[in-house]
Amino acid sequence: MLKIGDLKLKSRLILAPMAGISDLPFRLLCRKFGAELAFVEMINARSIGHKSRRTRSMLSTSTKDKPLGIQLLGSEEPYIRKALQVLKEYRFDILDFNAACPAKKVVRRGEGASLMKDPKKLSKLLKLVVKGTKAPVTVKIRSGWDKDSVNAREVALYAEDAGVAGVFVHGRTKVQGYGGSVDYKSIKEVKKALKVPVIASGDIFSAALINKMFDETGADAVAVARGALGNPWIFQDRKPDKKEVIQIMTEHLNSCVDFYGEKRGVIIWRKFFGWYTKGFRKVRPLREKSSRAKTSDEMLDIIREAA
Ligand SMILES: Cc1cc2nc3c(=O)[nH]c(=O)nc-3n(C[C@H](O)[C@H](O)[C@H](O)COP(=O)(O)O)c2cc1C
């Protein structure tokens, strides 16, 4: 069993936060295949508003959508304080603070991975977050800013000192983004240094890579991210046949349309077509078609054609 603060988890596989992906339909789908703790998309402390439609949509949940983590991005105390106030109205089981996002517009504002360069500031912000919520607080960090400044261990120790109940480590530097190899050693060093659980992230694409991550780092859990795109079966460690892929594509599309309405739901689901059909033969023209589909019927026809 894994314990993050007072949250008890049976599974050591966690669905990582993914902006633009981790909406309610996607989380429920992954849960159906065994994901336990799942995260909503990253929420920017600046843009979170009491009654904004976007905030409500991002934080939409349901009785089956548990246990649920949310993730906050920010670097300025007043915005973070306000966000914590707004979040009091929502129910969630864990609050993660993002110090890992490498996007230009994020790091330019001193948010996300740029906090890796200032562990003291990160620690101050984490203290504020820990004080401002009842849920256990975790932080998501990277191995460092660049290969010459790998400092995950130091940052993680600051975070633990600030009162976090767990640390997620993406074993890549900010400069690496999402490419290049995962630095298992930096995660192992964090694990060795901390008392709180360490959740490892990076290239979790198969059972073999999950095992490799556990073996090489000693981490308490792993976070599944790109490995779950078009592949919720990763949580069951099995490969589906084509018929099942088609069935799940259909279900997932339908749930997106139910959740967002037809027009938006189809547009949002388009990107999943390519992920689900990885390895299908002669699928390229269908991928192109799917990227233009506007109605649910059009998309369902394309899915049927792929079968
Ligand atoms: C499309 C996409 C969106 C992501 N959004 C977030 C995010 O909002 N917050 C976060 O902490 N990490 C985010 N990540 C990073 C993942 O959670 C994960 O740490 C990273 O992809 C490494 O794992 P992987 O190599 O197994 O995909 C995102 C990754 C992808 C591919």
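Residues numbered from 1 in each chain as written. Predicted model: local features only at pLDDT ≥ 70, side-chain atom pairs only at ≥ 80, totals over all residues.

Looking at the overall build of the protein
Within the protein, the secondary structure is distributed over 12 helices and 11 strands. Taken over the C-alpha trace, the protein has a radius of gyration of 19 Å; the compact-globule value for 307 residues is 19 Å, and the two agree within 12%. Taking the principal axes of its C-alpha atoms as reference, the protein extends roughly 55 × 45 × 35 Å. Across the protein, every contact between residues at least 6 apart in sequence was considered, and the portion connecting residues at least 24 apart equals 67%. (Helix = DSSP H or I, 4+ residues; strand = E, 2+ residues; numbered from the N terminus. Rg over C-alpha atoms; globule rule 2.2 N^0.38 Å. Contact = placed C-beta atoms within 7 Å.)

What to know about unusual backbone geometry
When glycine is set aside, most residues are seen to have a negative phi, and most peptide bonds are trans. Following Lys-66, the chain continues to Pro-67 via a peptide bond in cis, the omega torsion being -10°. Note on placement: Pro-67 falls in the loop between α2 (53-58) and β6 (68-73). Positive phi, normally seen in glycine, also occurs at Lys-282, with a value near 55°. By secondary structure assignment, the location of Lys-282 is in the loop between α10 (262-276) and α11 (284-290). What makes Lys-282 exposed here is the crowd of 7 C-beta atoms within 10 Å. (Buried ≥ 20, exposed ≤ 12 C-beta atoms within 10 Å, placed from the backbone.)

Looking at helix α1 (residues 24-32)
Of all the nine residues making up α1, eight are buried; the element is thus mostly covered by neighbouring parts of the structure. Listed in full, the buried residues belonging to α1 are Leu-24, Pro-25, Phe-26, Arg-27, Leu-28, Leu-29, Cys-30 and Arg-31. Gly-34 sits one or two residues past α1 and shows a positive phi near 115°.

Notes on helix α9 (residues 242-260)
Along its 19 residues, α9 runs 27 Å from first to last C-alpha, staying within 8% of the 27 Å computed at 1.5 Å per residue. When α9 is considered as a whole, its buried residues turn out to be Val-245, Ile-248, Met-249, His-252, Leu-253, Cys-256 and Val-257. The inward-facing, buried residues of α9 contact α1, α10 and α12 (296-306). Looking one or two residues past α9, Gly-261 carries a phi angle of roughly 90°, positive in sign. (Expected span 1.5 Å × (residues − 1).)

What to know about the environment of Glu-111
Here Glu-111 is to be found in the loop between α4 (104-107) and α5 (119-132). Among the residues examined, Glu-111 registers 23 C-beta atoms within 10 Å and is labelled buried.

As for the site of the ligand
In the vicinity of the ligand lie 23 residues, with Ala-16, Met-18, Met-42, Ala-225 and Arg-226 positioned nearest. Looking at the shell around the ligand, its residues break down into 12 nonpolar, seven polar and four charged. (Near = placed C-beta within 6 Å. Nonpolar A, V, L, I, M, F, W, Y, C, P; charged D, E, K, R; others polar.)

Concerning the packing of α1 against α9
For the pair α1 and α9, interaxial distance at closest approach is 9 Å and the crossing angle is 145°. By crossing handedness, the relation of α1 to α9 is classed as right-handed. Contacts from Leu-24, Pro-25, Leu-28 and Leu-29 of α1 reach α9 at His-252, Ser-255, Cys-256 and Phe-259. In the contact of α1 with α9, the residues fall into six nonpolar, two polar and no charged. (Axes fitted to C-alpha atoms, helices over the stretch in contact; angles between N-to-C directions. Left-handed = near helix turned anticlockwise from the far one by under 90°.)

With respect to the domain arrangement of the protein
It is common to give the size of an interface as the accessible area that goes away when the parts come together. For the protein, the assigned domains are domain 1 (2-236) and domain 2 (242-306). When the residues that make up the side of domain 1 that touches domain 2 are grouped by side-chain class, the tally is six nonpolar, one polar and no charged. (Domains from an automatic or database assignment.)

Digging into the pairing of strand β9 (residues 166-173)
Burial analysis of β9 places eight of its eight residues in the buried class, which makes it a mostly covered element. Pairing geometry for strand β8 (residues 137-144) and β9, over six bridges, is parallel. Within β9, the position partnered with Thr-138 by the bridge is Gly-166. Since β8 and β9 lie parallel, the crossover through helix α6 (residues 152-161) that links them has a hand, and here it is right-handed. The pairing of β9 with strand β10 (residues 198-201) spans four bridges and is parallel. (Pairing = 2+ DSSP bridges. Right-handed = clockwise from strand over helix to strand, strands pointing away.)

Brief notes about the nonpolar core
Counting 78 residues, the largest nonpolar core has Leu-15, Leu-126, Ile-141, Ala-159, Val-167, Val-222 and Val-224 as the members making the most contacts within it. Once you skip the residues sitting within four places of it in the chain, Leu-126 turns out to touch Phe-97, Val-137, Val-139, Ala-159, Ala-162, Gly-163 and Val-164. Counting 16 residues, the second largest nonpolar core, distinct from the first, contains Met-249, Val-257, Phe-272 and Tyr-276. (Core = buried A, V, L, I, M, F, W, Y, C linked by C-beta atoms within 7 Å.)

Re the pairing of β6
Where a strand is regular, its side chains alternate between the two sheet faces. Where burial is concerned, most of β6 is hidden: six out of the six residues are buried. The alternating pattern of β6 places Leu-68, Ile-70 and Leu-72 and Gly-69, Gln-71 and Leu-73 on opposite faces, both of which are buried. With two bridges joining them, strand β4 (residues 38-39) and β6 adopt parallel strand pairing. When the bridges of β6 are listed, Ala-38 appears paired with Leu-68. With two bridges connecting them, strand β5 (residues 43-44) and β6 associate as parallel partners. By the bridge assignment, Ile-43 is partnered in β6 with Leu-72. The parallel pair β6 and strand β7 (residues 94-99) is bridged by helix α3 (residues 77-87), and the resulting crossover is right-handed.

Brief notes about the packing of α3 against α5
Between α3 and α5, whose axes approach to 10 Å, the crossing angle comes to 20°. Classified by the interaxial angle, the pair formed by α3 and α5 is roughly parallel. Of the two possible hands of crossing, α3 and α5 adopt the one that is right-handed. Across from Glu-77, Ile-80, Arg-81 and Leu-84 in α3, the residues of α5 making contact are Leu-125, Leu-128, Val-129 and Gly-132. A class-by-class count of the residues in the contact of α3 with α5 yields five nonpolar, one polar and two charged. (Parallel < 35°, antiparallel > 145°, perpendicular 65-115°, else oblique.)

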